[in-house]
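Survey of secondary and tertiary structure
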Amino acid sequence: MMAWVHAAVGAALGRLIGHPTKAFGAGVASHAICDLIPHRDLKPIQEAPLLALALGLIVWRKGLTSPETLGAIGAVSPDTENIAMHLGVIPKKAMIFPTHQGPHTHGRTVKSIAPQVALAAVCLVVALWPRRET
Ligand SMILES: [Zn+2]
């Protein structure tokens, strides 16, 4: 799944969980589930600005140590090994995250990115909706 979509899902989980450490863990777990869903990844050069935009928006609206931000960081963190592999720092066989270890552990590829964009939009609305003051 696209990295910025992982971030959006993690941020929404963070909002629903409401605790930074638990949100980080839930974000990491969500990465595996989201990778299993049929999806289409973009090229790293396309993904990087989208991820920066999503994380920047979440940090700007919710703060660096918020559950939303920690959930997003947890959800994106498994892809650091993907980045290292794409940069040639590690070989593909050295990746350890379960859904990065081969074609049978990753969701099949689909043509459209529309379902991912819709999922991310819903998750960002959940994550960024203003909290009711009490
Ligand atoms: Zn992944």
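My aim in this report is to walk through the structure given alongside it, one point at a time.

The rules behind the values
- Residues numbered from 1 in each chain as written.
- Predicted model: local features only at pLDDT ≥ 70, side-chain atom pairs only at ≥ 80, totals over all residues.
- Helix = DSSP H or I, 4+ residues; strand = E, 2+ residues; numbered from the N terminus.
- Rg over C-alpha atoms; globule rule 2.2 N^0.38 Å.
- Buried ≥ 20, exposed ≤ 12 C-beta atoms within 10 Å, placed from the backbone.
- Contact = placed C-beta atoms within 7 Å.

On to the overall build of the protein chain, then. A tally of regular secondary structure across the protein chain gives 6 helices and 0 strands. If you list the helices and strands of the protein chain from N to C, you get α-α-α-α-α-α. In summary, the protein chain has a C-alpha radius of gyration of 14 Å against a globular reference of 14 Å for 134 residues, a match within 12%. For the protein chain, the spread of C-alpha atoms along the three principal axes comes to 50 × 30 × 25 Å.

Another point: the environment of V28. One can find V28 in helix α2 (residues 20-36). The exposure class assigned to V28 is partly exposed, which follows from the 19 C-beta atoms found within 10 Å. Once the C-alpha coordinates of V28 and F97 are considered, the two residues, 69 residues apart in sequence, prove to be 10.0 Å apart. Beyond its immediate chain neighbours, meaning those up to four positions away, V28 contacts G74, A75, S77 and P78.

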